[in-house]
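# A closer look at the structure
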Amino acid sequence: MSIYAVNKVCRDALHDPVWREALKRDPKSAIAPLPLSAEERSALLNGDVAWLYEQGAHPFLLAYLTRWELFGLTVSLYSERIRAAREPAGRE
Amino acid sequence: MAEIVAAIGVPHTPNFPALVAKQGPDCPTARLYAEVAKHLHAAKPDVLVIYTDDHFNTFFLDNFPIFAVGIADATSGPNDQTAMPSYRVAVLASLASHLRAKAIAAGFDLSLAQAFELDHSIMVPLHFLTPDMAIPIVPFFINGLAPPLPTAQRCYALGKAVSAAIADWPQDARVAVVGSGSFSLEIGGPRIPPGERAGTPDPEWVKHVQEHIEHGRIAELVAEATPARLARAGNIGGELLNWIAMLGAVDGRRPAFIAPEIEHGHAYAAWRLD
C-alpha cells in the first residue's frame, strides 16, 4: 500500500521547495528512490491523476501538482482527466 | 466561571486575504467578515475556541487524528504557503487542557498536539476577525477531509461536551466558539468544473444547510448530514462538521446574523449568547 508515498509526493511539493525543484527538473529521477509500485510510478510520470485518485490518492493533495504544472499537469489537463475518474472503492 | 458569549461560523478560503487586499474593504468578503467581527467583538471575548479541519499541513497521513486539540503557549501560521501575513497567536493552554480532560472524561478521545503550526483554516479567519492577534485561541481539529469522517452526531456531541466543559471552567472568562469551513466544495476531484481546480458541486445543499441553521433546526441538520450526504456536497463537504461542533454551543438559538454565499458554497453567521 504505497498510495501514502503518492500523497507525500504531492504534499512535499507544497512544503519542500527543494523537493519541488527536483520534481520540476527531473521527475523520473526525483521519484526513483521512493517506495512506489510500478503502476504508481508510471501514473505519476504520466500525470494520470484519475488512476491515482481511483487508487485512493487524495484529490486535495493531487491538485497541488497543478500549481507548478508538475508531471505536465496544467489546470485544464488536470481537470479534464480527474473529471473522468471513478470513485475509489470504499470511499464515501 | 467561564461563559460562552458568542458563536460564529465563517469560511476560510485561502485566497481571501489576497482578494481583500486587492479589492478593498467594500468587497463582499471584507464586508461579510467585518459584520461577523462586529458581533464577535461586541461580545468582548477573552478567548476563541475554534473548530477546524487541518488540510494535511499541521498533521499528515502518517498520523492523522479524527479529533485533536492543540495545547501550547503559542502557535503560528499559516504553515501552508497561503498568500497572507504570518502571525503568532497565543494559545490558552490552561483552558485547552481543561477542555481536553473534561472531553476525555465524557468519552471523547482527543489526540494531543503540543508543538504545531496552523494552516489557512484558522489563520484566514483570525486575519479578518482578530488581526492584532490579541485574543488567545484553543484550536480543535476535526477530520473533515480524509474519509471515513467522524459522524455529524459525534461532532455535535463533542461540541456539546466542550460547551459544558467551558461552563465548568472555574476561571472567569468570556468564550467565543468558532466553526470554520465550507458546506459544499470540491477541490481536485471528479466534480470540479471543466478547466478549473475547484468548484461548488451542491449549491442546493448550501441553501438547505443555511436555512436549517437560520431557523435553529440543528437536530434536522445533524440527522441529514450523513457521510454520504456530506460526500455529495464535495470532497471538502466534511467541513460542515466544524460548524456542527460549533452549533453545540448554540442550542438551537437563532443567529443574530447569517448570510450565505450560495455559489461559493459557504456562509457567515454570528450568535450572541451572553
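About the thresholds
Residues numbered from 1 in each chain as written. Chains lettered and ligands numbered in written order. Predicted model: local features only at pLDDT ≥ 70, side-chain atom pairs only at ≥ 80, totals over all residues. Helix = DSSP H or I, 4+ residues; strand = E, 2+ residues; numbered from the N terminus. Rg over C-alpha atoms; globule rule 2.2 N^0.38 Å. Buried ≥ 20, exposed ≤ 12 C-beta atoms within 10 Å, placed from the backbone. Contact = placed C-beta atoms within 7 Å. Pairing = 2+ DSSP bridges. Axes fitted to C-alpha atoms, helices over the stretch in contact; angles between N-to-C directions. Nonpolar A, V, L, I, M, F, W, Y, C, P; charged D, E, K, R; others polar. Parallel < 35°, antiparallel > 145°, perpendicular 65-115°, else oblique. Left-handed = near helix turned anticlockwise from the far one by under 90°. Core = buried A, V, L, I, M, F, W, Y, C linked by C-beta atoms within 7 Å. Arc of directions from axis to C-beta. pLDDT = per-residue confidence, 0-100.

### Details of the overall build of chain B
- Helix and strand content of chain B: nine helices and 12 strands.
- By the compact-globule yardstick of 19 Å for 274 residues, chain B fits well, its C-alpha radius of gyration being 17 Å.
- By principal-axis analysis of the C-alpha atoms, chain B measures approximately 55 × 40 × 40 Å.
- Residues counted as buried form 55% of the 274 residues belonging to chain B.
- Put simply, 81% of the contacts in chain B that link residues at least 6 apart link residues at least 24 apart.

### Here's the deal with the overall build of chain A
- Helix and strand counts for chain A stand at seven helices and zero strands.
- From first element to last, N terminus to C terminus, chain A shows the α and β order α-α-α-α-α-α-α.
- By the compact-globule yardstick of 12 Å for 92 residues, chain A fits well, its C-alpha radius of gyration being 12 Å.
- In chain A, which comprises 92 residues, the proportion classed as buried is 34%.
- For chain A, long-range pairs separated by at least 24 residues make up 70% of all intrachain contacts whose partners lie at least 6 apart in sequence.

### Some remarks on helix H7 (residues 75–82) of chain A
- Along H7(A), the positions that sit buried rather than exposed are A:Tyr78, A:Ser79, A:Arg81 and A:Ile82.
- Considering only its buried residues, H7(A) is in contact with helix H5 (49–54) and helix H6 (59–62) of chain A.

### A look at the sheet that holds strand S12 (residues 266–272) of chain B
Residue and element names in this part refer to chain B.
- Read from one edge of the open sheet, eight strands run S6-S3-S7-S2-S8-S1-S12-S11, paired in mixed fashion. Two strands close off the open sheet at either side, each with one partner strand: strand S6 (111–113) and strand S11 (257–261). Looking at each pair of strands side by side, their axes are set apart by 20° on average, direction ignored.
- Here helix H4 (residues 120–129) sits on the sheet and contacts strand S1 (2–10), strand S2 (47–52), strand S7 (137–142) and strand S8 (173–180); the angle it forms with S8, its principal contact strand, is near 120°.

### Things to note about the interface of chain B and chain A
- Across the boundary between the two partners, chain B contributes 23 residues, which contact 20 residues of chain A.
- Across the side of chain B that touches chain A, the residue classes tally to 14 nonpolar, six polar and three charged.

### Notes on the packing of helix H5 (residues 152–167) of chain B against helix H9 (residues 240–247) of chain B
Residues and elements named next belong to chain B.
- The interhelical angle for the contact between H5 and H9, taken along N-to-C directions, is 40°, at an axis separation of 6 Å. On the basis of their axis angle, the class for H5 and H9 is oblique. In the packing of H5 onto H9, the handedness of the crossing is right-handed. In contact with Ala152, Cys155, Tyr156, Leu158 and Gly159 of H5, H9 contributes Leu241, Ile244, Ala245, Met246 and Leu247.
- Tallied by class, the residues present in the contact of H5 with H9 amount to nine nonpolar, one polar and no charged.

### Here's the deal with the nonpolar core
- In this structure, B:Ile8, B:Val49, B:Val138, B:Ala176 and B:Ile244 are the most contacted members of the largest nonpolar core, which totals 83 residues.
- Contacts of B:Val49, omitting those with residues within four sequence positions, involve B:Val138, B:Phe140, B:Val162, B:Ile166, B:Val175, B:Val177 and B:Val178.
- In terms of nonpolar packing, the next biggest core, distinct from the first, is built from 30 residues, A:Val9, A:Phe71, A:Leu73 and B:Ile236 among them.

### Overview of helix H1 (residues 16–23) of chain B
Residues and elements named next belong to chain B.
- Taken as a whole, H1 has its buried residues at Phe16, Pro17 and Val20. Taken around the axis of H1, the buried residues stretch over an arc of 100°, which confines them to a single face. Seen from the open side of H1, the exposed residues pointing more than 90 degrees away from its buried face are Ala18, Ala21 and Lys22.
- Buried residues in H1 make contact with helix H2 (28–42) and H4.
- Of the residues flanking the end of H1, it is Gly24, one or two places downstream, whose phi is positive at about 90°.

### Details of the environment of B:Ala167
Residue and element names in this part refer to chain B.
- Take Ala167: it is sitting in helix H5.
- Taking the C-alpha atoms as reference, Ala167 lies 27 Å from Ala115; in sequence the two are 52 residues apart.
- If near-sequence neighbours (up to four positions away) are discounted, Ala167 is found in contact with Met1 and Ala2.

### Looking at the environment of A:Leu36
Residues and elements named next belong to chain A.
- Of note, Leu36 is situated in the loop between helix H3 (27–31) and helix H4 (38–45).
- As a C-alpha pair, Leu36 and Glu21 span 15 residues in sequence and 20 Å in three-dimensional space.
- Ignoring any residue separated from it by four or fewer positions in sequence, one finds Leu36 in contact with Ser2, Ala5, Val6, Ile31 and Arg41.

### As for unusual backbone geometry
- The amide bond that connects B:Gly77 to the next residue, B:Pro78, takes the cis arrangement and shows omega of 5°.
- Examined against the element boundaries, B:Pro78 turns out to sit in the loop between strand S4 (74–77) and strand S5 (87–90).
- The step from B:Pro147 to B:Pro148 runs through a cis peptide bond, and the omega angle for that step is 0°.
- Inspection of the secondary structure puts B:Pro148 in the loop between S7 and H5.
- Positive phi outside glycine occurs at A:Phe71, with the angle close to 55°.
- For A:Phe71, the location among the structural elements is in the loop between H6 and H7.

### Observations concerning the pairing of S8(B)
Residues and elements named next belong to chain B.
- Counted residue by residue, S8 has six buried out of eight residues, so it is predominantly covered.
- Pairing analysis gives eight bridges linking S1 to S8, with the strands arranged parallel. Across the sheet, residue Ala7 finds its bridge partner in S8, namely Val177.

### Observations concerning the confidence of the model for chain B
- Confidence along chain B averages 98 in pLDDT terms, with 100% of residues attaining 70 or more.
- Scoring the predicted complex yields pTM 0.98 and, for the interface, ipTM 0.96.

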